[in-house]
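Residue-level structure breakdown
Letter by letter, the chains look like this.
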Amino acid sequence: MQTYQLTVNGESHTTTSEPDKPLLWILRDQLKLKGTKYGCGIAQCGACTVHINGAAVRSCVLPISGVSGPITTIEGLAKNGLLHPLQSAWIEHDVPQCGYCQAGQIMSAAAMLAVNPRPTDADIDTAMAGNYCRVVLMFVFGARFIQLQEAIVLKGRLKHE
Amino acid sequence: MNNVLTRRHFLKASALTSGGLMLEITLSGAALGEALGTLVGSKELNAWVQISSSGEITIYSSVPEMGQGIKTALPMIIAEEMGASWDDVTVLTADVDSARYGLQGAGGSTSIPRNFDSMRTMGASAREMLIGAASEALEVDRAELEAKDSQVIHLSGERLSFGALAALAVRQPVPDPATLSFKDPKAYTIIGTAVGGVDNLGIVLGQSKFGIDVDVPNMRYAAYARCPRLGGTAINFNEQAIRALPGVLDAFILAPDARTGQSSMSFLDGLAALQGGVAIVGEDTWSVLNAKSQLLVVWDESEASTDSWPEMKIEAQRLAGMSGGEVKRDHPVEAALAEPNNKVLEAFYEFPYVAHVCMEPMNCTVHYSAGTTSTAARMEVWVPSQFPGQVKEIAKNLLGLSEAQVTVNMTRMGGGFGRRAVHDFVAEAMAIAARTEGPVKLTWTRTDDIHQDFFRVGGFENMKAAVSPEGKLVAWDQHYIGFAHQGKAVIGSGLWGNEFSMTALPNARVTQSLIDIKTHCGAWRAPGANTNAFVEQSFLHELSVLAGRDHVEFLIELMGERRWLSDGNINALNTGRAIDVIQLAATKAGWGKPMPAGWGQGLAFYFCHAAHIAEVADVYVDANQNFKVGKVTVAVDVGPIINMSGAISQVQGAIIDGLSTMALQQITMTNGRINQDNFDQYQVMRIGATPAIEVHFIQSDYQSTGLGEPALPPLAPAVTNAIFAATGQRIRSMPLSQEGFTLV
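Predicted model, so just to flag it, every value in this text is computed and none were measured.

Observations regarding the overall build of chain B
When its secondary structure is counted, chain B shows 19 helices and 31 strands. Here chain B has a C-alpha radius of gyration of 28 Å; the compact-globule value for 744 residues is 27 Å, and the two agree. C-alpha atoms of chain B, sized along the principal axes, occupy 85 × 75 × 45 Å. Counting over 744 residues, chain B shows a buried share of 58%.

Here is the structure:
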């Protein structure tokens, strides 16, 4: 067991772990950040996507010993009570169906938009090719309409069940 | 209905096994006491509706949500009927409580038709209690009041908010359901509009809880290894080495247990025998998954499955040459097939086993507390299940617990598609929990999820037909070759009796042969329909080509006069509705228009789950057999739409799911072992292949029916018919990746 310092969504955490434990399970089981999902464990489906230094990475195959920079998870994407414009677009276009892959989809799209605010369809297809969903078309539109959206104030009712 | 005693009536919905629903009034002493008890100081108007004094309306969603949108759609019906403003509504997941909510299940695209009347009864009942409260408060006749926009409004213009009326409303008599009247659909302001999913905000913030996210204090984590060959049992394993690994707390063998598969609910096939294997319990998920990967297990495979897909195909081809065993429909076809002036076509179709691959792998959390001399044993379960109430039977069969000893919490599901109607993983979690101190969460790996699936069954159909010199279909000889467990057709295999060929086609003989297997099979989004549609609608297109006729015209002629094939049965095909969706899809797609080089259009119609749906696919195929589905035009008649946004999502999702499956997916097995381990070997379509999808609804006056499944079956034949139009190549086997076609 070794000790690791992580910065997650702007907060500092000290955690002990085997060096080969993937970041996904540190986030989910130790830090209790459950928004990042397990889907395959082999970086094929993208449900576990988080940002490290702003870049999209698959946390299911990244050992904690390989983490080198601040981490943002889906829980940290909305800031100061403002939804990320992608989150607004997702709600506006009623994108989620079961919703399980959506955190990974949004994190991949957000990483792309951060460096490429006006992506072409081909850019979007490339950036999102690592994210599986069995059913959702609307995230295509969600991603494409994103340029039209302004950040909106977090509103609506959120219930914890 | 103003009789004070009626306030003690307890509205209770209970489902009949036929799928119908009745409302009962329970007047027994116990129920009476319980109902009164909940009303004292309560905000509850009925089991589904609460209103706070500040005007927040809480509607409970009693049906499990797996992405089909029912958690939004059913509360919309209640809100509409009670006169609520949707903005004031918060939807919460109901407890799992069959006495209060009846059957809480989701499957077969039945949740809308099964619950529509009870939901509007709950809404109307709440509305009448609010109106009664306002009548009392304003001292006016209730006929002068209407409920609208979360207010009760008097003719004079005076109005009281639902919140202001809440305390008085709960003390109103509960109306006799027989006296309730319902809104004129023309006055609807919520039903039929596009409403976003009630959990969308939580989902985009990463805060919605799926089953896999359950976290209870002092929880342990578990993994379970089954024999790679279905039915094998564990003899021993490297126990010392496993126990020495970091984070591992316990490791033990579970013997197989057939009792967990015994169900008293014969209409559900949702329980499964516990498979033998090795359980590992530890401090976190990674520790147990890591330990699982280092297991060395000696398996007893003497009873294990020997199923092999190549052998199944050989047996099916042998059977295809013989006439079928069971005769399902017997019109004489021999003369027409032998008539030399007729054109005869014979074709052998094949479809593979496929997996569910719900994005959320199977999981279940169980806290079992053994009884002591002074306390009874208790169990609490958190489960993403399509039929959460059914898991109580497993606790009874496995541990002898009564219903009252078990509390079940249903969670949002990361996909269901029929997989979460079977509860083998729940039996595993309960058996592990019975040997573990405190709560424990079992998480399957993706490989577990694929290997241990209850697959969409594969199968074969040998088709033969004749068309007359006038181009009319004069003989249809269909031989379905499917699969059985101990002689009984598995779910999704064989013909059910409501198929087009079984009901509408003239001059049809339909026979069926079954091959016995051990491989687990289960419902998979539109079971039966999703494979038979491919065969039936492809072959009908083949016949229209053989007859030299336009496909649309040929199909419509086969429908004949506009009529119900079974009067008064919403689950029967209505040829008029069929003709209308075929014509609408064709018109909207520009059927018959000139297509650019390499492009073709294909059409398919299918009827299942009470839905009439036609689809036209525009497909491009290049010289290297790369194919792109440019657009799918869909025409749907499922009656009036409840949530337009949800309905469009279900259709789009079914098209994408259908395309992904028919183009890419196949499960094969060799000597009982599943050959595909993870998403690298079992692909899901990626974003670039997504077609444009245009959805058109015919909102006929018939009953609203479900849309979770029926838009999927017509997709595969629409695409392969389009590939034929583009290239002249007929595809009679899925997935297309095995036929040399690459989806791009």
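Looking at the overall build of chain A
Summing up its helical and strand segments, chain A has five helices and five strands in all. When the helices and strands of chain A are read in sequence order from the N terminus, they spell out β-β-α-β-β-β-α-α-α-α. A buried classification covers 56% of the 161 residues belonging to chain A. Contacts in chain A between residues far apart in sequence, at least 24 positions, make up 59% of those at least 6 positions apart.

A look at the domain arrangement of chain A
Residue and element names in this part refer to chain A. Examined at the domain level, chain A breaks down into domain 1 (2-73) and domain 2 (85-148). Centre-to-centre, using C-alpha coordinates, domain 1 lies 21 Å away from domain 2. Listed by partner, the interface residues are 14 residues for domain 1 and 11 residues for domain 2. Those elements that place two or more of their residues in the side of domain 1 that touches domain 2 are strand E3 (49-52) and strand E4 (55-58). The element that contributes the greatest number of residues to the side of domain 1 that touches domain 2 is E3, accounting for three residues. Looking at the side of domain 1 that touches domain 2, its residues break down into six nonpolar, seven polar and one charged.

Re the environment of B:Ala338
All names here are of chain B. Mapped onto the secondary structure, alanine 338 falls in helix H10 (residues 334-338). In this structure alanine 338 comes out as exposed when scored by C-beta crowding, with 11 C-beta atoms within 10 Å. Sequence-wise, alanine 338 and arginine 378 are 40 residues apart; in three dimensions their C-alpha atoms are separated by 69 Å.

Structural notes on the sheet that holds strand E8 (residues 151-154) of chain B
Residues and elements named next belong to chain B. The antiparallel open sheet is built from three strands, whose spatial order is E7-E8-E9. Of all the strands in the sheet, the pair left with one neighbour each is strand E7 (145-148) and strand E9 (159-161). The mean angle between the axes of side-by-side strands here comes to 20 degrees, regardless of whether they run parallel or antiparallel. Of the pairings in the sheet, the one linking E7 to E8 comprises four bridges and is antiparallel in character. Among the inter-strand pairings, leucine 145 is bridged to a residue of E8, identified as histidine 154. Helix-sheet contacts for helix H4 (residues 111-138) involve E7, E8 and E9, and the interaxial angle to E7 is about 130 degrees. Those strands touched by helix H5 (residues 162-169) are E8 and E9, and its axis lies near 75 degrees from that of E9.

Here's the deal with the domain arrangement of chain B
Here chain B is described as being made up of domain 1 (4-204), domain 2 (211-303 + 360-451) and domain 3 (535-744). Taken together, the residues of the side of domain 1 of chain B that touches domain 2 of chain B break down into four nonpolar, seven polar and two charged.

Overview of the confidence of the model for chain B
Atomic detail in the predicted coordinates should be set aside for any region of low pLDDT. Residues and elements named next belong to chain B. When pLDDT is averaged across chain B, the result is 91; 93% of the residues are at 70 or more. Low pLDDT, under 50, characterises residues 1-41; the predicted model gives this stretch 59 contacts beyond four residues in sequence or across chains. Both scores are given for the predicted complex: the pTM is 0.92, the ipTM 0.92.

Notes on the interface of chain A and chain B
Between chain A and chain B, the residue contacts involve 50 residues of the former and 50 residues of the latter. Listed by contribution, the elements that provide at least two residues to the side of chain A that touches chain B are helix H1 (23-30), helix H2 (85-92), helix H3 (102-115) and helix H5 (138-144) of chain A. If one sorts the elements of the side of chain A that touches chain B by residue count, H1(A) sits on top with four residues. For the side of chain A that touches chain B, the residue count by class is 26 nonpolar, 11 polar and 13 charged.

Comments concerning the pairing of strand E19 (residues 406-410) of chain B
Residue and element names in this part refer to chain B. Of the two faces of E19, the one lined by Val406, Val408 and Met410 is fully buried and the one lined by Thr407 and Asn409 carries no buried residue. Pairing geometry for strand E18 (residues 378-383) and E19, over five bridges, is parallel. Bridging across to E19, glutamate 380 finds its partner in threonine 407. In this view, the connection linking E18 to its parallel neighbour E19 by way of helix H11 (residues 391-399) has right-handed handedness.

Details of the pairing of strand E20 (residues 440-443) of chain B
Residues and elements named next belong to chain B. In E20, alternate side chains face the same way, and those of Val440 and Leu442 on one face and Lys441 and Thr443 on the other are all buried. Sheet topology note: the strand E10 (residues 220-226)/E20 ladder contains three bridges and is parallel. Across the sheet, residue alanine 222 finds its bridge partner in E20, namely leucine 442. Here strand E17 (residues 363-369) pairs with E20 via four bridges, running antiparallel. What sits directly across from threonine 365, in E20, is lysine 441.

Re the packing of helix H2 (residues 70-82) of chain B against H4(B)
Residues and elements named next belong to chain B. The interhelical angle for the contact between H2 and H4, taken along N-to-C directions, is 35 degrees, at an axis separation of 7 Å. Crossing of H2 against H4: the hand is right-handed. Of the residues in H4, those in contact with Ile70, Ala73, Leu74, Ile77, Ile78, Ala79, Glu80, Glu81 and Met82 of H2 are Ser111, Ile112, Asn115, Phe116, Met119, Arg120, Met122, Gly123, Ala124, Ala126 and Arg127. Classifying every residue of the contact of H2 with H4 by side-chain character gives 13 nonpolar, three polar and four charged.

Observations regarding unusual backbone geometry
All names here are of chain B. At the junction of methionine 734 and proline 735, the peptide bond is cis and its omega measures out at 0 degrees in the coordinates. Following the sequence through the fold, proline 735 ends up in the loop between helix H19 (715-727) and strand E31 (742-743). Despite not being glycine, aspartate 149 shows a phi value in the positive range, around 50 degrees. Judged by the 16 C-beta atoms lying within 10 Å of it, aspartate 149 is partly exposed. We note that alanine 610 has phi near 65 degrees; this positive angle belongs to a residue other than glycine. Note that alanine 610 resides in the loop between strand E25 (599-608) and strand E26 (611-621). Residue classification places alanine 610 among the buried residues on the basis of 28 C-beta atoms within 10 Å.

Comments concerning the nonpolar core
In globular proteins that are soluble, nonpolar side chains generally tend to be buried together. Within the largest apolar cluster, 278 residues are counted, with the highest numbers of intra-cluster contacts made by B:Leu130, B:Ala222, B:Ile280, B:Ala585, B:Val634, B:Val636 and B:Val719. When neighbours within four sequence positions are excluded, B:Val719 is seen to be in contact with B:Gly602, B:Ala617, B:Val619, B:Val629, B:Leu659 and B:Met662.

Concerning the confidence of the model for chain A
Chain-level statistics for chain A give a pLDDT mean of 85 and a share of 84% at 70 or above. Throughout residues 145-161 of chain A the model reports pLDDT below 50, and contacts reaching past four residues in sequence, or to other chains, amount to 35 contacts.

Side note on the environment of B:Glu739
All names here are of chain B. Examined against the element boundaries, glutamate 739 turns out to sit in the loop between H19 and E31. Note: C-alpha distance between glutamate 739 and arginine 378 (361 residues apart in sequence) is 54 Å. Each residue touching glutamate 739, except ones within four places of it in the same chain, is listed here: Ile731 and Ser733.

A few points about the packing of helix H15 (residues 529-546) of chain B against H19(B)
Residue and element names in this part refer to chain B. In the contact formed by H15 and H19, the axes pass within 8 Å of each other and the chain directions differ by 35 degrees. Regarding H15 and H19, the two cross each other, and that crossing is right-handed. In this structure, H15 contributes Ala533, Phe534, Gln537, Ser538 and His541 to the contact, and H19 contributes Ala716, Pro717, Thr720 and Asn721.

Things to note about the sheet that holds strand E13 (residues 277-282) of chain B
Residues and elements named next belong to chain B. Sheet architecture is open: seven strands sit in the order E12-E13-E10-E20-E17-E18-E19, paired in mixed fashion. The strands lining the two open edges of the sheet, one partner per strand, are strand E12 (248-254) and E19. Taken over all neighbouring pairs, the strand axes of this sheet differ in orientation by 20 degrees on average, direction set aside. Where E10 lies against E13, six bridges are found, and the strand directions are antiparallel. The residue of E13 that forms the bridge with alanine 225 is valine 278.

Observations regarding H5(B)
Residues and elements named next belong to chain B. Regarding H5, the residues found buried are Phe162, Leu165, Ala166 and Ala169. Along H5, the residues classed as buried sweep out an arc of 135 degrees about the axis, all on the same side. Residues of H5 that are buried in the fold lie against strand E3 (44-46), strand E4 (49-51), strand E5 (57-61), H4, E8 and E9.

Basis of the calculations
Residues numbered from 1 in each chain as written. Chains lettered and ligands numbered in written order. Predicted model: local features only at pLDDT ≥ 70, side-chain atom pairs only at ≥ 80, totals over all residues. Helix = DSSP H or I, 4+ residues; strand = E, 2+ residues; numbered from the N terminus. Rg over C-alpha atoms; globule rule 2.2 N^0.38 Å. Buried ≥ 20, exposed ≤ 12 C-beta atoms within 10 Å, placed from the backbone. Contact = placed C-beta atoms within 7 Å. Domains from an automatic or database assignment. Nonpolar A, V, L, I, M, F, W, Y, C, P; charged D, E, K, R; others polar. Pairing = 2+ DSSP bridges. Axes fitted to C-alpha atoms, helices over the stretch in contact; angles between N-to-C directions. pLDDT = per-residue confidence, 0-100. Right-handed = clockwise from strand over helix to strand, strands pointing away. Left-handed = near helix turned anticlockwise from the far one by under 90°. Core = buried A, V, L, I, M, F, W, Y, C linked by C-beta atoms within 7 Å. Arc of directions from axis to C-beta.

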